[in-house]
Amino acid sequence: MKVLRQFLIIMIISLLGEILNRILPFPVPASVYGLVLMLTALMTGLIRVPQVKEASVILIELMPVMFIPAAVGLMTAWDKLRPVVVPVIVITFVTTLLVMGVTGIVTEKVIEKTEKGAEE
Amino acid sequence: MQSFIEYSLFFGPVISLVVYEGGLLLKRKYKLAVLNPLLITAIVLIAFLALTNVEYESYNASAKYISYFLTPATVALAVPLYEQLKLLKENLAAVLCGLLAGVLTSLVSIFLLSKLFGLNHEQYVTLLPKSITTAIGMGVSEEMGGITAITVAVICVTGMIGDITSEWLYKILKIRHPIAKGLALGTASHAMGTAKAMEMGEVEGAMGSLAIVTAGLLTVVGASFFAQLM
């Protein structure tokens, strides 16, 4: 029954996320409200990790297959993608490399700086 | 056939999972990033549905139940994030600067390139969440009026690009610190980048998983502003 209780806790937080998504005016998905609520609950000690651990491991492991129906939905969106398929590919390539490069360089520089600061 | 598929509760989920298992097998056998199981599954299923003349709606009538637990699964991402908060606190300045720089670079570069290519609002917001984890990115795209199916495909391809190019890019740019490597992979290429980071090392992997959620959350905030620019 332990896992059932864990699922219940996660489902209740999902429901609260859904309610926030309905009443707040921001374009934030219910799942993200739920994630923030769960993180807050863990940080404040309202929920402890062992109370949700097994169920969250199962859910995260199963997550990749949950995207299959949406990915297959590409067949209905093909008409919308076709006219912009080249720009979309270019944008995807360029921005991914840019983001990875900038994040890496900035993080590396700040680490070097703080390590130097600590030595002095 | 069409009507059976429409009324069946198990056709969609079973065929999806069978093809996905096949994708996993291929990935395990050849270890190539291009063999992303989700992308393979999508391509094979689209080809199958097109060849057998089955409408997407008929397939999705039962396949949609696989996605039912997506919101709870995203909520569950808070647990590993919480477990890595210590790592975040120990390297707070570097991690925060890296994350902010990465997320801003993503939003700004997508905005500028979309403008350059003359994309419309719908196409632009479809691309905005491309670097973050599918669970959050799909929701962001939907909330802002994007085309979720394209967002999911672009997110998959983004993950593959990070996986394939990271080692080469780190060599050229001389990015050597494990924290920087992991954070960059997670910020640019979400879970697929993090899987690569885990191969590089434990610290890289932990930083990658930290970046998945934090970059995702920062993008939710940033994208709601950037969406209004075009």
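Residues numbered from 1 in each chain as written. Chains lettered and ligands numbered in written order. Predicted model: local features only at pLDDT ≥ 70, side-chain atom pairs only at ≥ 80, totals over all residues. Heavy atoms only, no water.

Selection criterion: UniProt positions are given in the numbering used here, feature names are shortened, and annotations may be inferred rather than shown by experiment.
As named in an unreviewed UniProt entry, chain B is Membrane protein, taken from Sellimonas catena. Under the heading Subcellular location (unreviewed entry), UniProt records this for chain B: "Membrane".

Going by the annotation in an unreviewed UniProt entry, the name recorded for chain A is CidA/LrgA family protein, with Sellimonas catena given as the source organism. Listed under Subcellular location (unreviewed entry) in UniProt, the entry text for chain A is "Cell membrane".

## Here's the deal with the overall build of chain A
Definition in use: A run of H or I in DSSP counts as a helix once it spans at least four residues, and a run of E counts as a strand once it spans at least two, with each numbered from the N terminus. For the radius of gyration, the atom set is restricted to C-alpha positions; the globular benchmark scales as 2.2 Å times the number of residues to the power 0.38. Working rule for contacts: check all heavy atoms of both residues, and any pair within 4.5 Å makes them a contact. The protein chains shown are the only cover counted for residues, whose accessible areas, like all others here, come from Shrake-Rupley with a 1.4 Å probe.
In terms of regular secondary structure, chain A is built from six helices and zero strands. Along chain A, helices and strands appear, N-terminal first, in the series α-α-α-α-α-α. The C-alpha radius of gyration of chain A comes to 21 Å, more than 25% above the 14 Å expected for a compact globule of 120 residues. Overall size of chain A, expressed as C-alpha extent along the three principal axes, is 60 × 50 × 30 Å. Sequence-distant contacts in chain A: of pairs separated by 6 or more residues, those separated by 24 or more amount to 49%. Element-wise, carbon and sulfur atoms account for 70% of the exposed surface of chain A, whose accessible area totals about 6600 Å².

## Quick word on the packing of helix 12 (residues 178-200) of chain B against helix 13 (residues 202-226) of chain B
All names here are of chain B. Convention followed: Every axis corresponds to a line fitted to the C-alpha atoms, with the helix fit spanning only the stretch in contact, and the corresponding angles, defined between N-to-C directions, vary from 0 to 180 degrees. Every angle not falling under 35 degrees, over 145, or within 65 to 115 is termed oblique; those three ranges are roughly parallel, roughly antiparallel and roughly perpendicular. Put simply, a crossing is left-handed when the front helix is turned counterclockwise from the back one by less than a right angle, and right-handed when it is turned clockwise.
With their axes 6 Å apart at the nearest point, helix 12 and helix 13 run at an angle of 65° to one another. When the axis of helix 12 is compared with that of helix 13, the two are roughly perpendicular. Like other packed secondary-structure pairs, helix 12 and helix 13 cross with a definite hand, here right-handed.

## Regarding the interface of chain B and chain A
As a reminder, the rule being used: In this description, buried area is defined as the sum, over both parts, of the accessible area (probe of 1.4 Å) that is lost when the two are combined. When a carboxyl oxygen of Asp or Glu lies within 4 Å of a side-chain nitrogen of Lys or Arg, that pair is called a salt bridge. In protein, a polar contact requires one atom able to donate a hydrogen and another able to accept it; more generally it is a pair of N or O atoms within 3.5 Å, and residues adjacent in sequence count only if both atoms are side-chain atoms.
Tallying the contact residues gives 95 residues for chain B and 68 residues for chain A. Buried area between chain B and chain A, both sides added, is near 6900 Å², and the carbon and sulfur share of it is 84%. When residues of chain B are sorted by the area they lose upon contact with chain A, Tyr56, Val75 and Tyr82 of chain B head the list and together hold 9% of the total. On the surface where chain B and chain A come into contact, there are two salt bridges. With its nearest N and O atoms 3.3 Å apart, the salt bridge here joins Lys80 of chain A to Glu122 of chain B. For the pair chain B and chain A, the interface holds nine residue pairs in polar contact (both at pLDDT 80 or more). Element by element, the count of residues in the side of chain B that touches chain A is highest for helix 11 (residues 148-173) of chain B, at 15 residues.

## As for the confidence of the model for chain A
What counts, and what does not: Confidence per residue, as judged by the predictor, is encoded in pLDDT with a range of 0 to 100.
In the predicted model, chain A carries a mean pLDDT of 92, and 98% of its residues have values of at least 70. Per-element confidence in chain A is highest for helix 1 (residues 2-23) of chain A, whose mean pLDDT is 96, and lowest for helix 5 (residues 74-81) of chain A, whose mean pLDDT is 88.

## Considerations on the layout of surface pockets
Here is the rule: Within this scheme a cavity is a closed region of a 1 Å grid, computed over the protein atoms alone, that accommodates a 1.4 Å probe without allowing it to escape, whereas a pocket is open but has protein on both sides within 12 Å along at least five of seven lines; lining residues each have an atom within 4 Å of a point. Grid points are joined across faces, edges and corners, and a volume is the space filled by probe spheres set on the points. Each residue is assigned to one class: nonpolar for Ala, Val, Leu, Ile, Met, Phe, Trp, Tyr, Cys and Pro, charged for Asp, Glu, Lys and Arg, and polar for all the others, Gly among them.
A volume near 1300 Å³ is recorded for the largest pocket. What lines the largest pocket is a set of 39 residues, and nearest its centre among them are Ile60 and Pro64 of chain A together with Ala191, Met192 and Ala195 of chain B. At the level of elements, helix 3 (53-66) of chain A together with helix 2 (11-30), helix 3 (37-51), helix 6 (78-83), helix 11, helix 12 and helix 13 of chain B are the ones that each hand at least two residues to the lining of the largest pocket. Element by element, the count of residues in the lining of the largest pocket is highest for helix 12 of chain B, at eight residues. Of the residues in the lining of the largest pocket, the class split is 22 nonpolar, eight polar and nine charged.

## As for helix 3 of chain A
For clarity, the cut-off: What a helix is expected to span follows from its residue count: subtract one and scale by 1.5 Å. To get the bend at a given residue, fit one axis to the seven residues ending there, fit another to the seven starting there, and take the angle between those axes. Type-normalised accessible area, obtained with a 1.4 Å probe on protein chains alone, sets the label of each residue: buried when under 20%, exposed when over 50%, and partly exposed for intermediate values.
With 14 residues, helix 3 of chain A ought to run about 20 Å at 1.5 Å a step, and its terminal C-alpha atoms sit 20 Å apart, in line with that. Remark: the principal bend of helix 3 of chain A, roughly 25°, maps to Ile60 of chain A, with a proline, Pro64 of chain A, within the next four residues. Taken together, the buried positions of helix 3 of chain A are Ala55, Ser56, Leu59, Met63, Val65 and Met66 of chain A. Summarising the contacts, the buried residues of helix 3 of chain A are in contact with helix 1 and helix 4 (68-72) of chain A together with helix 2, helix 5 (70-76), helix 6 and helix 10 (134-143) of chain B.

## Points about the packing of helix 2 of chain B against helix 4 (residues 56-63) of chain B
Residues and elements named next belong to chain B. Close contact between helix 2 and helix 4 brings their axes to 6 Å; oriented N to C, the two are set at 90°. Relative to helix 4, helix 2 is oriented roughly perpendicular. Contacts between helix 2 and helix 4 pair Phe11, Gly12, Pro13, Ile15 and Ser16 from the former with Tyr59, Ser62 and Ala63 from the latter. Of the residues assigned to the contact of helix 2 with helix 4, the class counts are five nonpolar, three polar and no charged.

## As for the UniProt feature "transmembrane region" (unreviewed entry) in chain B
All names here are of chain B. Within the UniProt annotation, "transmembrane region" (unreviewed entry) is assigned to residues 6-26, 33-53, 65-82, 94-114, 147-170 and 206-227. Annotated as residues 6-26, this span is 86% helix and 0% strand, and its ends, taken at the C-alpha atoms, are 30 Å apart. Span residues 206-227 is 95% helix and 0% strand, its end C-alpha atoms 31 Å apart.

## Here we look at the nonpolar core
Definition in use: Put simply, a nonpolar core is a bunch of buried Ala, Val, Leu, Ile, Met, Phe, Trp, Tyr and Cys residues held in one set by side-chain atoms that sit within 4.5 Å of each other.
Met38, Ile47, Met63 and Ile68 of chain A together with Tyr59, Val95 and Leu128 of chain B are the most contacted members of the largest nonpolar core, which totals 97 residues. Looking at this core element by element, the count peaks at nine residues for helix 13 of chain B. Other than its neighbours up to four places away in sequence, Met38 of chain A contacts Ile10, Ile13, Ile47 and Val52 of chain A together with Val75 and Ala78 of chain B. Leu169, Ala184, Ala188 and Ala197 of chain B belong to the second largest nonpolar core, which has 10 residues in total.

## Here we look at the UniProt feature "transmembrane region" (unreviewed entry) in chain A
All names here are of chain A. When the UniProt feature table is mapped onto this chain, "transmembrane region" (unreviewed entry) is found at residues 7-24, 30-49, 56-78 and 84-106. Taken end to end, residues 7-24 is 94% helix and 0% strand, and its two terminal C-alpha atoms sit 25 Å from one another. This span, residues 56-78, is 91% helix and 0% strand, and a straight line between its end C-alpha atoms measures 34 Å.

## Digging into the environment of Ile9 of chain A
Counting through the fold element by element, Ile9 of chain A comes out in helix 1. Beyond its immediate sequence surroundings of up to four residues, Ile9 of chain A is in contact with Ile47, Gln51 and Val52 of chain A.

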